[in-house]
Amino acid sequence: MFSNFFKTALRNIFRHKTYVIINILGLAVGFACSLMIFLFVIHELSFDKFNKKYDRIYRLYLEGKMGESEFKGAWTAAPTARAFIEEFPEVEAAVRMGGWDESLVRIGDRKFIESKIALADSGFFDVFSLDLLEGDPHKALAQPHAVVLTTSQARKYFGNGEAMGQHLRIGNDSVLFTITGVMQDVPENSHLEFDILISFLTNPRANDDFWLSNSFSTYILLREGVPAATVESKIPGIIEKYVGPQVQKILGMDLQAFSDSGNKYGIFMQPLSDVHLNTEIAANFKRASDRKYIYIFSVVAFLILIIAGINYMNLSTARSSRRAREVGLRKVVGSSRGMLIRQFIIESVLLTVISTVLAIVLVELLLPVFNNMLQTNLRVGYFTRWYVIPGLLLLTLLIGFFSGSYPAWFLASFMPVKVIYGKMKTGGSHALVRSLLVVFQFFFSIALILSSLVIYLQIHYMLSKDMGFDKEQLLVIRRADALQKKISAFKDEIKTIPDVISVTNSTSVPGFPNANNGYPIEGRPAEQVYLMWTNWIDYDYFDTYKLNLAEGRNFSREFPSDTAGMILNEEAVKHFGITDPFETRFIQPGYDAGTKAYMNVLGIVKDFHYQSLQNEIGPHVFILKPEKWDWAGYLTIRVGRDNMKKTIAQIEKTWQTFTGDEPFQYFFLDQEFEKFYKEEKRTAKIALAFSILAVFIACLGLFGLTSFATEQRAREISLRKVLGSSERGIILLFTREVTILIAVSTIPAWILSYFFLKKWLQNFSYHISLQPWEFILALAIVLIIALITVIYRAYRAALMNPAEVLKYE
C-alpha cells in the first residue's frame, strides 16, 4: 500500500513543473541557509570540548576595584598556580600560560616571523587533552628555553626531517632554544592559539613571588567529583595568606582596611565551557565571541526554516483549485480523508527530501564563501560526526510533515459534491490563515533588513568617528626591540626622509594599551589607589599623534625635571575629582616599603579614544620613557600621502641598516582599528545575506498567494474587464491587498526591532541613535520588492481573455 502512495505522490509532484521548481527552490534555499547558520552555532558551542577533562578545567580570573576603577580579567600572578596546588588537595594539576611578542625565529640561516607563540608550564599536558606525539609530556617544558612545536610548525621548519633536539633562536635571546617535543596541532575550536610553546621557566618572572602583578593566565584541573564551589570557597584564605602581607608592605594597610575603603580584590573560577562565549572577562589568546549572537543566529536559522515551510504551505494552497476535482473524484471512488491526508503528507516529505539534496549541494557550493565571510573554517562532516546524517533525516521529515500538514488537511477537507459541481469556496478562514502566514514572513523580513541597516550604520559610525587624534597615515613598527639601544639614532635618521613627517617611540599605541597601573594621590588616604592606563612615551608622541592639550604643556627637553612629570587626560581629572591638577602629585610606589616617586602633573590632554568605541574613555597617563629601558615598545611614524611606496621602501632600507637582517614589519593604525569590529562586521554580513534570502523566500510565498488569488478570482477579473476595468485597475486591486498585509506586519516588526536594536546599541559606549528614516527605509525596501512580485503576477492575470474564462457561464 505504501508503494502505491509513493508512486502516486511522485506522479503528482512532477505533474506541475513550475510549482515543483518554486517549492523545491524555496525549501532548499531556506534549508541551506539554516544549515550553514546551525554549523556556525555548533562550531561556537563546541569550543574546547575536545578536552577529555572539559568539565573539570577552570580558568582563574581576577575581579576587583581600586579607587573608582573596576577590572575583570583572566590575569593572575606568577605564584598563583603553585599556591593552588600546594594549598588545595582538590586541585589535581595547574598550568600557567602567557603570551610572547611576535618574534623572529632563526634556524641556521633561515628566518621566520612568528606571532603565534605562547608560554606554558610543564603541567600543560596534564591539564589539556592535547597529545604530545614526540617527547615526554612531564619533561618537555620542565626546563628553561625548551620548546614544543605543533606538527604543522615542525613540518614547516624541518619538512619530513627530525625536529627533536634541534636548536633555534627566538628573538634577541642569546641562549638557543631546544626542541623537546612535537604535539598535535591546536584544534581550531580551542580558545588557545599557538604554533610554538615555550617553557614558562624561560620568563624571568617565572619564580616571582609578587602577587600584585597580574599578567599571566592560570588554569586548574580539579579532581574527579570535586565541586567547583568547594575550591572557590577556600580562595579568600589564599588571598589573605599571600596577598595580604604584600598589600600591607606596599600600601601600609591590611586587607580589611583595603576593603573597607571601597576597594576589592578577588580570584574566581571560570569553567572552560564559559571561556569562549564570555566577553565580560578580558583575556589572552583568542577574542571571545558574544553569547547573544549565538542566540540571535539560532533564532534566525529557526525562523528561516519556518518561512520556507510557510512558503510551501502558501504555494500548496495556491495550487488547491487545480487539485480540487482530483480530491473530489478520489473521495467518490472510496478514498477516505485519512488516506488523502497521508497521500499529501507523503508528497510533502518527498518534495522536502529532494529539497534537502539540493540544499546539501548549495551548502557545499556556498560554504567556502560563508567561511570567508565569517573568517572561520566550518565543515559539515557528514561521516565524521555521528549526529549529522540522522539530524538531516530527522529535520527533513519534520519539515516535510509540518509544512505539508496544513495543505493536506486543507485539501482533504473538500466536499466531493461541491467540488464536482464547481460550488466549492476556499475563502474565509483559510484565506485568513494564508494572509497571516504572509504577514509573519514580512514581519521577519522587515525586522532583519532594519537590523542589517542599523548594524551597518553603527559600524560606519565607529570607523568614521573622530577619535580625538589623527589615526590616518600612521605607520607602526611592532618590534622596536630589534633596534636595541639605537632607537634615538634610528629616529634621527628616518626624519631625513622627505615624506616622514614625525616619529615617536612609546610602550603602547592606541588600540593596544598594555599597562593599567595604580597610583595613590598625595594627601589622600593611602588605601585609595587610582588605576590609569599608563603609556611611557618620548617627546614627539603628542606631535606625531596630533593630540591636543586642554591645559598645561607637553614634555620638553628644556626641563630635565620632566622625567618626574606626567600628563593626564581630561577623564582622569574628572574621574578622580581633581580640582587643581597642577597642584596635585601622584605617587609611584616601589616594591619595598618606603620607596616612592612623586609625579607632578604638567599638562591635561583632551580626551581621545585609545581603545575601540566599545570601551568608554577611562583615566590615562603619559610618562616620559627612560632612555635606558629595555622595554622598546612601538615606533610610530607619520608619513605623507604622496609617494607612499617609496617612503616605506626608504624606511625599510634604514631599518635594515640599523638592524642587520631583522625583517621589517609594520601596520597602519587605521587599518588595525577596523579589526576591532570584526565580530560586528561579521554579524552585519550574516544579517544582510540572510535578509536578502528571507525576502526572496517570502516573495516566493507572496507569489504563491497571488497565484492562488488570481486563480480563485479569475471569474471576478474577467467580469471586471467585461464591465470596463483596465489592467491598471486589476493590478491595483491586488497591490492594495498586499500593501495592507505588509502594513499589518510593519508595526510589530518596528516595535520588536526598536527594543532589540536599542539594547544592542547599548553594548557600545559610543553609538548612533535610532532614526525614523531607518524604519521607513526598511519598510520601503520590502514593499518595493513585494510589489514588483505581485505586479508581475497580477499583470499576467489582467491579460487573461475574459471569453476563455466565461464561455461556460
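So, here is what we can say about the structure in this document. Keep in mind that this is a model prediction, so the values were computed, not measured.

## Remarks on the nonpolar core
- Core analysis: the largest hydrophobic core is formed by 108 residues, its most contacted members being Phe-370, Phe-444, Phe-469, Phe-622 and Leu-669.
- A per-element tally of this core places helix α15 (residues 429-464) first, with 15 residues.
- The residues touching Phe-370, leaving out its near neighbours within four places in the chain, are Met-36, Phe-40, Leu-378 and Phe-690.
- One finds Tyr-58, Val-91, Ala-94 and Trp-211 within the second-largest nonpolar core, a separate group that totals 31 residues.

## Side note on a nonpolar patch on the surface
- Together, Leu-25, Val-353, Val-357, Leu-358, Val-361, Leu-365, Leu-366 and Phe-696 give the surface a local cluster of nonpolar side chains, amounting to about 640 Å² of exposed area.
- For the nonpolar patch, the leading source of residues is helix α12 (residues 337-374), giving 6 residues.
- If you trace the backbone, Val-353 turns up in helix α12.

## A closer look at the pairing of strand β22 (residues 620-624)
- With 5 of 5 residues buried, β22 is to be regarded as a mostly interior element.
- Neither face of β22 is exposed, since His-620, Phe-622 and Leu-624 on one face and Val-621 and Ile-623 on the opposite face are all buried.
- In this sheet, β22 lies alongside strand β17 (residues 529-537) in parallel orientation, the contact comprising 5 bridges. Looking at the pairing, Asn-535 lines up with Phe-622 of β22.

## So, the packing of aromatic side chains
- Applying the stated criterion across every chain, the model contains 35 aromatic pairs.
- When the ring of Trp-750 is compared with that of Phe-775, the centres are 6.1 Å apart and the planes differ by 90 degrees; the resulting orientation is edge-to-face. Residue Trp-750 is found in helix α23 (residues 727-761), and its partner Phe-775 is found in helix α24 (residues 772-798); the two are separated by 25 residues along the sequence.
- For Trp-750, a relative accessible area of 23% translates into the label partly exposed.
- Centre to centre, the rings of Tyr-754 and Phe-755 are 5.4 Å apart; their planes meet at 80 degrees, and the pair counts as edge-to-face.
- Tyr-754 sits in the partly exposed class, given a relative accessible area of 34%.
- Taken together through their ring pairs, the aromatic side chains of Phe-469, Phe-512, Tyr-541, Phe-542, Tyr-545, Phe-608, Tyr-610, Phe-622, Tyr-634, Phe-667, Phe-673 and Phe-676 make up a single cluster.
- Over the ring of Phe-512 we find Arg-478; its NZ or CZ atom is 5.8 Å from the centre of that ring.
- Against the face of Phe-559 rests Arg-553, its NZ or CZ located 4.2 Å from the ring centre.

## What to know about the pattern of salt bridges
- Within the structure shown, the criterion is met by 20 salt bridges.
- Between Asp-538 and Lys-491 there is a salt bridge, with its nearest N and O atoms 2.5 Å apart. Of this pair, Asp-538 sits in the loop between β17 and α17 (541-545) while Lys-491 sits in helix α16 (residues 487-494), placing them 47 residues apart in sequence.
- Look at Lys-491 and you get buried, because its relative accessible area is 7%.
- We note a salt bridge from Glu-672 to Lys-675, for which the minimum N-O separation is 3.5 Å. In this pair, Glu-672 and Lys-675 are both assigned in helix α20 (residues 669-675), 3 residues apart and thus about one turn of the helix distant.
- Residue Glu-672 is classed as buried on the basis of its relative accessible area, which comes to 9%.
- When salt bridges that share partners are traced, they join Lys-491, Lys-495, Asp-538, Asp-540 and Arg-557 into one network.

Definitions and limits used
Residues numbered from 1 in each chain as written. Predicted model: local features only at pLDDT ≥ 70, side-chain atom pairs only at ≥ 80, totals over all residues. Heavy atoms only, no water. Core = buried A, V, L, I, M, F, W, Y, C linked by side-chain atoms within 4.5 Å. Buried < 20%, exposed > 50% of the residue type's maximum accessible area, 1.4 Å probe, protein only. Helix = DSSP H or I, 4+ residues; strand = E, 2+ residues; numbered from the N terminus. Contact = heavy atoms within 4.5 Å. Patch = residues over 30% accessible without salt bridge, like charges linked within 9 Å, V, L, I, M, F, W, Y side chains within 5 Å. Areas by Shrake-Rupley, 256 points an atom, 1.4 Å probe, with all protein chains shown as cover. Salt bridge = Lys/Arg side-chain N within 4 Å of Asp/Glu carboxyl O. Pairing = 2+ DSSP bridges. Phe/Tyr/Trp six-rings, centres within 6.5 Å; stacked < 30°, edge-to-face > 60°. Lys NZ or Arg CZ within 6 Å of the ring centre and 35° of its normal.

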